[in-house]
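Each chain, written out:
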Amino acid sequence: MDIVLLGPPGSGKGTQANALIAARGMVQLSTGDMLRDARNSGTALGKRVAAIMDAGELVTDEIVNSLIGEKLASGDGFGFIFDGFPRTLAQADALSHLLEEHGRKLDAVIELVIDPEELVARIENRVSCPNCGAVYNLRAAPPVRDGYCDYCPDARLVKRGDDNAESLKTRLLEYYRKTSPLIGYYYKSGALARVDGDKNVESVSAEIAEILDRISK
Ligand code: AMP
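**Some details on the site of the ligand**
The environment of the ligand is made up of 15 residues, and the closest members are Thr31, Arg36, Glu57, Gly84 and Gln91. In this structure, a nitrogen atom belonging to the ligand sits 2.8 Å away from a side-chain N or O atom of threonine 31. Residue arginine 87 places a side-chain N or O atom 3.0 Å away from a nitrogen atom belonging to the ligand. Here the ligand, which alone exposes 480 Å², has 96% of that area covered by the protein. Within the shell around the ligand, the residues separate by chemical class into six nonpolar, four polar and five charged.

Below you can see the structure in the form of structure tokens.
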């Protein structure tokens, strides 16, 4: 089963992807994580995208489509979770072609619907572990030991470079301008399922599980 998690920054896509990995052994394909890895390892691609990411703008369709194309060609995951991809209509078309090429199809697009004010509060309080990627919310779900990861005791939690007020404004604008048209696109294709992303993590996971169980019958 292959699914897309669709929603603005801070809507909980990464957190819900982690829950799906743990519960169903699915494989997360996050273009944001791939681009951050490229930056951290100092590749030519990483250098090309750094300033764009810091500004909160979208990198080109060509770059992210080829990242996803490489992953699909190299792995035969039991089920993929596309997280942060697609973000434009051109990316949605590319995904549909790529899946077809590999004999797969999109089973569901789960939209995490959330109040924009809640997004800002979540992102301002978001920190993550540079080692294992665990995400914490300093207000709603803080780590046990202040400043350190619960799973990697020596790892100090860090804030993402683009989790600041200025970049966030651009990221939200990019989402509403370029990504939100995908809601109509996937509604039309019959793949769209909407979930109330304002609820707590467990309730959202339960709603998603119900949707996936229903469509896999
Ligand atoms: P994310 O971790 O998904 O919030 O992505 C972080 C940043 O990476 C975004 O603000 C964009 O600059 C870039 N990015 C990630 N995924 C995409 C995508 N599908 N299309 C264009 N840019 C992307």
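**Digging into helix H6 (residues 116-124)**
When we look at burial in H6, the residues that qualify are Leu119, Ala121, Arg122 and Ile123. Elements in contact with the buried residues of H6: strand S5 (126-128), strand S6 (135-137) and helix H7 (165-179).

**Side note on the pairing of strand S3 (residues 80-83)**
Residues Phe80 and Phe82 point to one face of S3 and Ile81 and Asp83 to the other, with burial holding for every one of them. The pairing of strand S1 (residues 2-6) with S3 spans three bridges and is parallel. Bridge pairing in S3 links isoleucine 3 to isoleucine 81. The sheet contact formed by strand S2 (residues 27-30) and S3 spans four bridges and is parallel. By the bridge assignment, serine 30 is partnered in S3 with aspartate 83.

**Some details on the side chain of aspartate 162**
Tracing the backbone shows aspartate 162 in the loop between S6 and H7. Looking at aspartate 162, the relative accessible area reads 11%, which means it is buried. Leave out the neighbours within four places in its chain, and aspartate 162 touches Met53, Asp54, Ser167, Leu168 and Arg171.

**Let's talk about a negative patch on the surface**
A contiguous patch of negative charge, built from Asp115, Glu117, Asp196 and Asp198, is present on the exposed surface. Tracing the backbone through its elements, the reader meets glutamate 117 in helix H6.

**Observations regarding helix H8 (residues 181-189)**
Among the residues of H8, those classed as buried are Leu182, Ile183 and Tyr186. What you see down the axis of H8 is that its buried residues fit within an arc of 105°, all on one side. Opposite its buried face, H8 presents the exposed residues Tyr187 and Lys188, each directed more than 90 degrees away. Just beyond H8, the residue with positive phi is glycine 190, at close to 85°.

**Regarding the packing of aromatic side chains**
Under the definition given, this model contains three aromatic pairs. Taken together, a centroid distance of 6.1 Å and an interplanar angle of 45° make the contact between phenylalanine 80 and phenylalanine 82 tilted. As far as the burial class goes, phenylalanine 80 and phenylalanine 82 line up, both buried. Both rings, one in tyrosine 175 and one in tyrosine 176, keep their centres 5.2 Å apart while their planes meet at 85°; by these two values the pair is edge-to-face. Residue tyrosine 175 is classed as buried on the basis of its relative accessible area, which comes to 7%. If you follow arginine 145 out to its NZ or CZ, it ends over the ring of tyrosine 148, 4.0 Å from the centre.

What counts, and where the lines are drawn
- Residues numbered from 1 in each chain as written.
- Predicted model: local features only at pLDDT ≥ 70, side-chain atom pairs only at ≥ 80, totals over all residues.
- Heavy atoms only, no water.
- Near = heavy atom within 4 Å.
- Polar contact = N/O pair within 3.5 Å; in protein donor to acceptor, adjacent residues only side chain to side chain.
- Areas by Shrake-Rupley, 256 points an atom, 1.4 Å probe, with all protein chains shown as cover.
- Nonpolar A, V, L, I, M, F, W, Y, C, P; charged D, E, K, R; others polar.
- Buried < 20%, exposed > 50% of the residue type's maximum accessible area, 1.4 Å probe, protein only.
- Helix = DSSP H or I, 4+ residues; strand = E, 2+ residues; numbered from the N terminus.
- Contact = heavy atoms within 4.5 Å.
- Pairing = 2+ DSSP bridges.
- Patch = residues over 30% accessible without salt bridge, like charges linked within 9 Å, V, L, I, M, F, W, Y side chains within 5 Å.
- Salt bridge = Lys/Arg side-chain N within 4 Å of Asp/Glu carboxyl O.
- Lys, Arg positive; Asp, Glu negative; His and termini not counted.
- Charge placed at Lys NZ, Arg CZ, Asp CG, Glu CD.
- Arc of directions from axis to C-beta.
- Phe/Tyr/Trp six-rings, centres within 6.5 Å; stacked < 30°, edge-to-face > 60°.
- Lys NZ or Arg CZ within 6 Å of the ring centre and 35° of its normal.

No statement about biological role is implied by the geometric values presented.
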